[in-house]
Amino acid sequence: MKQEDTLFKKLMALRDEQRRRTETGIVVARAKELAWESTPHGKLKWYMHPAMEENVLQSHVIYLQEIPPGGRSGIQRHPGGMLIYFLQGRGRTILDGEQIVWKAEDLLMLPLRPEGVVFQHINDSAEELASLLACEPNLIHALGVDRGSRWEQVEPAPESRET
């Protein structure tokens with residue numbers, strides 16, 4: 001291994017990149033500047049994501065999700081440990097087969113389970129949009145995308161254009 005290719009040098013370069021991001025990265029994530037994404041889980045807008053290297057921090061994964069009137073999210077298996085704050089609307093979440101009813105300003109906490117949890121959000125209103133903010137620690141680089149359990153899209157949201 002050449003001197004310039006040592007792991008120590010790569011660690012120093014990573015440190016320098018993190019310092020640069022701390023000084024020049026995005027400090028305020030503005031909703032109007034973030035794009036909506038059609039995903040198998042539904043319509044999402046990412047505030048923090050492991051691939052968003054322009055942010056000052058990468059310590060969390062945070063997204064906004066909108067569920068159309070009468071709509072539902074995809075079904076997802078997730079390791080758990082996620083907080084979901086319902087901003088508007090009313091509906092229910094199917095969590096491991098159990099129905100949990102929610103309304104705006106409720107907080108749902110996905111439990112950590114070795115086999116993960118399976119969940120889907122359903123908007124019970126035929127007229128009103130439902131929206132939620134999901135947040136979890138970014139453990140992806142430390143534990144992998146599965147985070148010691150399972151992470152997979154079990155079924156896509158009905159309006160998803162992505163499979």
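Let us look at the structure shown here. Numbers given to residues run from 1 along each chain, matching the order in which its sequence is written. Given that this is a predicted model, residues contribute local features only at a pLDDT of at least 70 and side-chain atom pairs are listed and counted only at 80 or more, while totals for whole chains, interfaces and linings are drawn from all residues. With hydrogens and water set aside, each side-chain value is computed from the structure's full complement of heavy atoms.

### Some words on the pairing of strand S5 (residues 83-88)
- Pairing between strands is defined by DSSP: at least two bridges between them are needed. Helix and strand assignments come from DSSP, with helices taken as H or I runs of at least 4 residues and strands as E runs of at least 2, each series counted from the N terminus. Bridge analysis of S5 against strand S8 (residues 107-109) gives three bridges, and the strand direction is antiparallel. Residue pairing across strands places leucine 83 opposite methionine 109, the latter belonging to S8.
- The pairing of S5 with strand S10 (residues 130-137) spans five bridges and is classified as antiparallel. Opposite isoleucine 84, over in S10, you have alanine 134 as the bridge partner.

### Brief notes about the environment of aspartate 5
- Within the secondary structure, aspartate 5 sits in the segment before helix H1 (7-24).
- Given the relative accessible area of 35%, aspartate 5 is considered partly exposed.
- For aspartate 5 and asparagine 138, which are 133 residues apart along the polypeptide, the C-alpha to C-alpha distance reads 28 Å. Residue burial is assigned from relative accessible area. The probe radius is 1.4 Å, only protein chains are included, and a residue is buried under 20% of its type maximum, exposed over 50%, and partly exposed in between.

### Brief notes about the packing of aromatic side chains
- Here is the rule: rings of Phe, Tyr and Trp (six-membered ring for Trp) pair when centre to centre is within 6.5 Å. Planes less than 30 degrees apart are stacked, more than 60 are edge-to-face, and the remainder are tilted. The final tally for this structure, using the stated rule, is two aromatic pairs.
- Ring centres 3.8 Å apart and planes at 10° place the aromatic pair phenylalanine 86 and tryptophan 102 in the stacked group. On the criterion of sequence distance, the pair formed by phenylalanine 86 in strand S5 and tryptophan 102 in strand S7 (residues 98-103) is long-range, its members being 16 residues apart.
- Of the residues examined, phenylalanine 86 reaches a relative accessible area of 1% and is grouped as buried.
- Working rule: Lys NZ or Arg CZ, within 6 Å of ring centre, within 35 degrees of ring normal, means a charge sits over the ring. In this structure, lysine 43 is placed above the aromatic ring of tryptophan 36, and the distance from its NZ or CZ to the ring centre is 4.6 Å.

No statement about biological role is implied by the geometric values presented.
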